[in-house]
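# Coordinate analysis (summary)
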Amino acid sequence: MGRIRRNDTVTVMAGKDKGKTGKVLRVIPAINRALVEGVNLIKKHTRQTRNDQQGGIIERECTINMSNLQVLCKGCNRPVRVGYSKLTSGEKVRFCKKCNETIT
Ligand SMILES: [Zn+2]
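Now for a description of the structure that goes with this document. Nothing here was measured: the structure is a model prediction, and the numbers come from that model.

With that out of the way, let us pick up the nonpolar core. Counting residues in each nonpolar core, the largest one holds 16 residues, and the members touching the most others are Ile4, Val10, Val24, Val36, Ile64, Leu69 and Val71. For this core, the secondary structure elements donating two or more residues are strand S1 (9–12), strand S3 (33–36) and strand S7 (69–73). With 3 residues, S7 is the largest single contributor of residues to this core. When sequence neighbours within four positions are dropped, the list of residues in contact with isoleucine 4 reads Val10, Val24, Val27, Met66, Leu69, Val71 and Arg94.

All of the protein donors around the zinc ion are Cys73 (SG), Cys76 (SG), Cys96 (SG) and Cys99 (SG); their distances to the metal are 2.2 to 2.3 Å. For the zinc ion, all donor residues lie on one chain, and their spacing in sequence is C-x2-C-x19-C-x2-C. Of this pair, cysteine 76 sits in the loop between S7 and strand S8 (78–80) while cysteine 96 sits in strand S10 (residues 92–96); the two residues are 20 residues apart in sequence, bridging distant segments of the chain. Take cysteine 96: its relative accessible area is 0%, and that puts it in the buried class.

By volume, the largest pocket amounts to about 180 Å³. Lining the largest pocket are Asn7, Asp8, Thr9, Val71, Leu72, Cys73, Lys74, Glu101, Thr102, Ile103 and Thr104. Elements with a minimum of two residues in the lining of the largest pocket: S7 and strand S11 (102–103). Examining the composition of the lining of the largest pocket, we find that 3 residues originate from one element, S7, more than from any other. Residue composition of the lining of the largest pocket, by class: 4 nonpolar, 4 polar and 3 charged.

The subject of this paragraph is the sheet that holds strand S6 (residues 64–65). If you trace the 6 strands from one edge of the open sheet to the other, you get S6-S3-S2-S1-S7-S8, paired in antiparallel fashion. Looking at the sheet topology across the chains shown, the edges are occupied by S6 and S8. Of the strand pairs in this sheet, strand S2 (residues 21–28) and S3 are connected by 4 bridges, and their pairing is antiparallel. Note on S3: the bridge partner recorded for valine 24 is valine 36.

What follows deals with the sheet that holds strand S9 (residues 82–86). As a general point, the strands of a sheet are linked pairwise by backbone hydrogen bonds and lie either parallel or antiparallel. The strand order across the open sheet formed by 3 strands is S9-S10-S11, and the pairing between neighbours is antiparallel. Both outer strands of the open sheet, S9 and S11, are each paired with one neighbouring strand and no more.

This paragraph deals with the pairing of S3. The turn linking S2 back onto S3 is made up of 4 residues, and asparagine 32 within it adopts a positive phi angle of 60°. Two elements, S3 and S6, share 2 bridges in a ladder whose sense is antiparallel. Residue pairing in the sheet places alanine 34 in a bridge with isoleucine 64 of S6.

Parameters and conventions
Residues numbered from 1 in each chain as written. Predicted model: local features only at pLDDT ≥ 70, side-chain atom pairs only at ≥ 80, totals over all residues. Heavy atoms only, no water. Core = buried A, V, L, I, M, F, W, Y, C linked by side-chain atoms within 4.5 Å. Buried < 20%, exposed > 50% of the residue type's maximum accessible area, 1.4 Å probe, protein only. Helix = DSSP H or I, 4+ residues; strand = E, 2+ residues; numbered from the N terminus. Contact = heavy atoms within 4.5 Å. Donors = N, O, S within 2.8 Å, 3.2 Å for Na, K, Ca; no water. 1 Å grid on protein atoms, 1.4 Å probe; cavity = no way out; pocket = protein on both sides within 12 Å on 5 of 7 lines; lining within 4 Å. Points joined across faces, edges and corners; volume = space filled by probe spheres on them. Nonpolar A, V, L, I, M, F, W, Y, C, P; charged D, E, K, R; others polar. Pairing = 2+ DSSP bridges.

This is the structure we're talking about:
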């Protein structure tokens with residue numbers, strides 16, 4: 001289980017999009033990268049290949065290294081470090097290391 005999961009709200013801590021916040025669209029654990037809504041946009045030039053397609057420049061997200069991301073805690077309302085704790089049931093939960101709020 002990774003620190004960051006799909007549908008988490010994360011903040012970018014480094015790089016050209018530093019300070020941006022977005023929703024995690026996809027996590028790719030094998031390469032330690034994630035796709036975050038509105039973050040690391042790249043311009044893609046497309047050509048009109050069919051009549052129902054528009055040519056020109058479109059922007060789309062490119063994956064970003066997860067070490068540059070931190071989960072936004074709803075309790076603190078800022079990016080925080082995430083810890084793990086094990087419940088008596090054996091289930092692992094994530095929590096905010098600042099306010100101890102459980103992150104779901
Ligand atoms: Zn917190």
